[in-house]
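Below, each chain spelled out in residue letters.
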Amino acid sequence: LVFRLVQGDSAWIAVTYANMGSCFDKSGATDSARIYLRRGLSMIPGSRNEYLQGSMNIRLGTTYLGVGNSHEAIRLCRVGLDAAERLDLLPMVQRGCECLYKAFKESGNSGESLWMYERFIAARDSMFGQERAKELTRIELTHNFEQRQLADSLASAEQHRTADLAFQQGIRSERDQK
């Protein structure tokens, strides 16, 4: 934190506060977590970094959810989900939907809870599908590369064999002439 404060870059200071807040949240110190997350959120100037604002709102909403304040969690996670949708960031959409699903469920709003759960599952499945497509593409590219490498190796071995045969033929010719 001291390093980031000396640098003076408010976005990195905000990220540092957010990370500290998340650590406090995971350790059960939710009061400290909320303080650091709010401090981090306040460090982001205006709408300069919508990703950070959205992500921190979801983190803060999740922290409020952990202490039973579902109404504040709904407000914050909605702000974060809106940012995620504007930025078209599927992982953040998934986190926002999951937070809202849990918050609506805790507040007794089963209709909204179900809607957010369906969106959460759709985002998760879509991310899984994207990852599978990337993995299949990687496998295919690796296979193609290995096939080309094998073909090159076979061609090189054939050239060496042909050169060896020509050399040995030349030696036999010289022997036969003597």
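Here, the structure is the one placed above.
Note that the structure is a prediction, hence the values are computed from the model and not measured.

> Residue-level account of the overall build of the protein, with values.
Of regular secondary structure, the protein possesses 7 helices and 0 strands. Secondary structure of the protein in N-to-C order comes out as α-α-α-α-α-α-α. Projected onto its principal axes, the C-alpha coordinates of the protein cover approximately 100 × 45 × 30 Å. When the 178 residues of the protein are sorted by exposure, 31% land in the buried category. Across the protein, the fraction of contacts at a sequence separation of at least 24, relative to all contacts at a separation of at least 6, is 49%.

> Now, about the packing of helix α3 (residues 30-42) against helix α4 (residues 50-66): what can you tell me, with residues and values included?
Closest axis-to-axis distance for the α3/α4 pair is 10 Å, and the angle between their directions is 160 degrees. On the basis of their axis angle, the class for α3 and α4 is roughly antiparallel. Our pair here, α3 against α4, has a crossing hand that is left-handed. Contact with α3, carried on its side by T30, A33, R34, L37, R38, G40 and L41, involves Q53, M56, N57, R59, L60, T63 and Y64 of α4 and no other residues of that element. Classifying every residue of the contact of α3 with α4 gives 6 nonpolar, 5 polar and 3 charged.

> Could you give me a rundown of the environment of R75, with the residues and numbers involved?
Mapped onto the elements of the fold, R75 is located in helix α5 (residues 70-87). Once the C-alpha coordinates of R75 and V93 are considered, the two residues, 18 residues apart in sequence, prove to be 15 Å apart.

> If you had to explain the state of the cysteines to someone new, which residues and values would you point to?
In total, this model carries 1 disulfide according to the counting rule given. Between C23, a free cysteine, and C99, which holds the nearest cysteine sulfur, the sulfur-to-sulfur gap is 19 Å. By relative accessible area, which is 55% here, C23 ends up exposed. Not engaged in a disulfide, the cysteine C97 finds its nearest cysteine sulfur in C77; these two sulfurs lie 9.9 Å apart.

> I'd like a rundown of α5, residues and numbers included.
With 18 residues, α5 extends 25 Å between its outermost C-alpha atoms, agreeing within 8% with the 26 Å of an ideal straight helix rising 1.5 Å per residue. The elements touched by buried residues of α5 are α3, α4, α6 (90-107) and α7 (110-177). D88 occupies a position one or two residues after α5 and carries a positive phi of about 55 degrees.

> If you had to explain the pattern of salt bridges to someone new, which residues and values would you point to?
Scanning the entire structure with this criterion turns up 8 salt bridges. Ionic pairing is found between E85 and R119, a salt bridge with its closest N-O pair at 1.9 Å. With E85 in helix α5 and R119 in helix α7, this residue pair connects regions lying 34 residues apart in the sequence. Take E85: its relative accessible area is 36%, and that puts it in the partly exposed class. D125 is paired through a salt bridge with R124; the nearest N and O atoms lie 3.6 Å apart. Overall, D125 belongs to the partly exposed group, its relative accessible area being 42%.

What counts and what doesn't
- Residues numbered from 1 in each chain as written.
- Predicted model: local features only at pLDDT ≥ 70, side-chain atom pairs only at ≥ 80, totals over all residues.
- Heavy atoms only, no water.
- Helix = DSSP H or I, 4+ residues; strand = E, 2+ residues; numbered from the N terminus.
- Buried < 20%, exposed > 50% of the residue type's maximum accessible area, 1.4 Å probe, protein only.
- Contact = heavy atoms within 4.5 Å.
- Axes fitted to C-alpha atoms, helices over the stretch in contact; angles between N-to-C directions.
- Parallel < 35°, antiparallel > 145°, perpendicular 65-115°, else oblique.
- Left-handed = near helix turned anticlockwise from the far one by under 90°.
- Nonpolar A, V, L, I, M, F, W, Y, C, P; charged D, E, K, R; others polar.
- Disulfide = S-S within 2.5 Å.
- Expected span 1.5 Å × (residues − 1).
- Salt bridge = Lys/Arg side-chain N within 4 Å of Asp/Glu carboxyl O.

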